[in-house]
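Examining the three-dimensional arrangement
If you want the building blocks of each chain, they are given just below.
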Amino acid sequence: MSYEWLALLAAALWALTSLISVTPSRQLGAFAYSRWRMGLVSLMLATATLVNNNWQNISFEQAALFALSGFIGVFVGDTALFACMNRLGPRRASLLFACHAAFSAFLGVYLFNEQLSGWPLVGAASLFLGVILAVSFGRKANQHSWEKINGPVSIALLLGLSAALCQSIGTVMLKPLLSASAAHPVDPIAASTLRMLSAFTAHMLLYFAAYKLARAHKPLTPRLFMMIASNGFLAMAVGMTLMLFALRNGDVSVVALLSSSSPILVLPLLWIYTKQAPTYSAWASAALCVVGSSLLIFG
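Because the structure is predicted, anything quoted here is derived from the model rather than measured.

Core analysis: the largest hydrophobic core is formed by 25 residues, its most contacted members being Trp14, Val41, Val74, Met196, Met236, Ala246 and Val255. If we ignore the near neighbours within four places in the chain, the residues touching valine 74 are Met38, Ser69, Thr79, Arg195, Met196, Ala199 and Met236. Listed in part, the 23 residues of the second largest apolar core include Val22, Ala32, Phe97 and Ile228.

Let us now look at helix H8 (residues 188-208). The terminal C-alpha atoms of H8, which comprises 21 residues, lie 30 Å apart, in line with the 30 Å expected from a rise of 1.5 Å per residue. Immediately beyond the C-terminal end of H8, within one or two residues, lies alanine 210, with a positive phi of roughly 60 degrees.

Quick look at the pattern of salt bridges now. Following the criterion strictly, the structure yields one salt bridge and no others. Linking arginine 37 and aspartate 78 is a salt bridge whose minimum nitrogen-to-oxygen distance equals 3.0 Å. You can see arginine 37 sitting in helix H2 (residues 30-52) and its partner aspartate 78 sitting in helix H3 (residues 60-97), a full 41 residues away along the chain. On the basis of relative accessible area, arginine 37 is assigned to the buried category, the value being 5%.

Our focus in this paragraph is the packing of aromatic side chains. In this structure the tally under the stated criterion is five aromatic pairs. The interplanar angle of 65 degrees and the centroid separation of 5.6 Å between the aromatic rings of tyrosine 207 and phenylalanine 208 together place this pair among those described as edge-to-face. Take phenylalanine 208: its relative accessible area is 64%, and that puts it in the exposed class.

The subject of this paragraph is the layout of surface pockets. As a volume, the largest pocket reaches approximately 250 Å³. Lining the largest pocket we find Ser25, Arg26, Gly29, Ala30, Phe31, Ala83, Asn86, Arg87, Ile155, Leu159, Leu213 and His217. Every element with two or more residues in the lining of the largest pocket is listed here: helix H1 (3-28), H2, H3 and helix H6 (153-172). Looking at which element gives the most residues to the lining of the largest pocket, the answer is H3, with three residues. Looking at the lining of the largest pocket residue by residue, the class counts come to six nonpolar, four polar and two charged.

Mapped onto the fold, alanine 10 is located in helix H1. Sequence spacing of alanine 10 and glycine 239 is 229 residues, and the spatial spacing of their C-alpha atoms is 4.5 Å. The contacts of alanine 10, once residues within four sequence positions are left out, are Gly239, Leu242 and Met243.

Turning our attention to unusual backbone geometry. The residue alanine 210 is not glycine, and still its phi comes out positive at about 60 degrees. Here alanine 210 lies in the loop between H8 and helix H9 (222-249).

Looking now at the packing of H3 against helix H11 (residues 262-274). In the contact formed by H3 and H11, the axes pass within 10 Å of each other and the chain directions differ by 170 degrees. One finds that H3 runs roughly antiparallel with respect to H11. Here H3 contributes Pro90, Arg91, Ser94 and Leu95 to the contact with H11, which in turn contributes Pro263, Val266 and Leu270. When grouped by side-chain class, the residues that make up the contact of H3 with H11 number five nonpolar, one polar and one charged.

Moving on: the environment of leucine 206. Take leucine 206: it is sitting in helix H8. A sequence separation of 171 residues divides leucine 206 from arginine 35, and the C-alpha atoms of the two residues are 9.8 Å apart. Here leucine 206 is in contact with Phe31, Phe75, Tyr211 and Ala214, once residues within four sequence places are set aside.

The rules behind the values
- Here the residue index of a chain counts from 1 through its sequence in written order.
- Reporting of local features is limited, given that this is a predicted model, to residues whose pLDDT is at least 70; pairs of side-chain atoms are given and counted only at 80 or more, and all residues count toward the totals for whole chains, interfaces and linings.
- The basis for every side-chain value is the complete set of heavy atoms in the structure, and neither hydrogens nor water enter the calculation.
- Among buried residues, those of type Ala, Val, Leu, Ile, Met, Phe, Trp, Tyr and Cys that are joined through side-chain atoms within 4.5 Å constitute a nonpolar core.
- The cut-offs for exposure are 20% and 50% of the maximum accessible area for each residue type, with area from a 1.4 Å probe on protein chains only; residues under the lower value are buried, those over the upper are exposed, and the others partly exposed.
- Note on definitions: a residue-residue contact is assigned when non-hydrogen atoms from the two residues lie within 4.5 Å.
- Helix and strand assignments follow DSSP, with helices taken as H or I runs no shorter than four residues and strands as E runs no shorter than two, numbered in order from the N terminus.
- Here the expected span of a helix is defined as 1.5 Å times the quantity of residues minus one.
- Put simply, a salt bridge is a Lys or Arg side-chain nitrogen that is within 4 Å of an Asp or Glu carboxyl oxygen.
- Side-chain rings of Phe, Tyr and Trp (the six-membered ring for Trp) are treated as a pair once their centres are within 6.5 Å; stacked means planes under 30 degrees apart, edge-to-face means over 60, and tilted covers the remaining angles.
- Buriedness for pockets is judged along seven lines, at least five of which must meet protein on both sides within 12 Å for an open set on the 1 Å grid over protein atoms alone, while cavities are sets there where a 1.4 Å probe fits but cannot get out, and lining residues have an atom within 4 Å of a point.
- Grid points are joined across faces, edges and corners, and a volume is the space filled by probe spheres set on the points.
- Each residue gets one of three labels, nonpolar for Ala, Val, Leu, Ile, Met, Phe, Trp, Tyr, Cys and Pro, charged for Asp, Glu, Lys and Arg, and polar for the others, Gly among them.
- Angles shown run from 0 to 180 degrees and are taken between the N-to-C directions of axes, each axis being a line fitted to C-alpha atoms and, for helices, limited to the stretch in contact.
- Just so you know how the angles are binned, under 35 degrees is roughly parallel, over 145 roughly antiparallel, 65 to 115 roughly perpendicular, and the rest oblique.

Right, here's the structure in full:
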């Protein structure tokens, strides 16, 4: 499977898991939810890495960079994203998080001299425009609770854009280490394990330091635990690993733009769950996303 399809599959998984995240994130709080999620994912990935013996060829310097990437992109980025989602809901939070595509595309061109021109450039513009239109327009009366805004919008915007920027920085940092042309390319599953362990360690330090925001709002129930476990497996153990495989073989800018299409995929899932159909502008933007993705892959 080409790296473009891997990035799109990761986007599909993130669209699904963004809806699974809403209930446990709001009931436990962004910090407690992220801590449980990252702890479970760390256990899953560490087990897979040990079984497959994928720790080979990882130097101390590489491990330190993966850990730093995990701290920035997962600990800070994911926690900020869930805090944003608790305030704006999954649709608007997805819009803000999709800005990581723009950040990553800029960094990819600037740092790695990647080329984004011709039809792929048109596709990138179409895709990003589709993402914006899909989640920005078409507010209706009698909205579902997931569409309601809680708290100051300015704080939510800051959280969402911070999550996008951290995701971009954390991902771009990995390109030189994961590239297939590198002298000693690192296995993406091992890379994901190191990133998750770094983020989980940071969360545990906050928890043991009795940081107020790290406390869970409500007790963890078996139902919430299963939601967190399934979300973590699909979004991080599978989705993020697919993203890293795509990043190893493809351009940062293209991978970031394709993976940012998850807000489009959220629309039909929201329709099924909330029983409220998206607006015509949302469907039109979905068509733009399909055209943009096609141009990026086949252009």
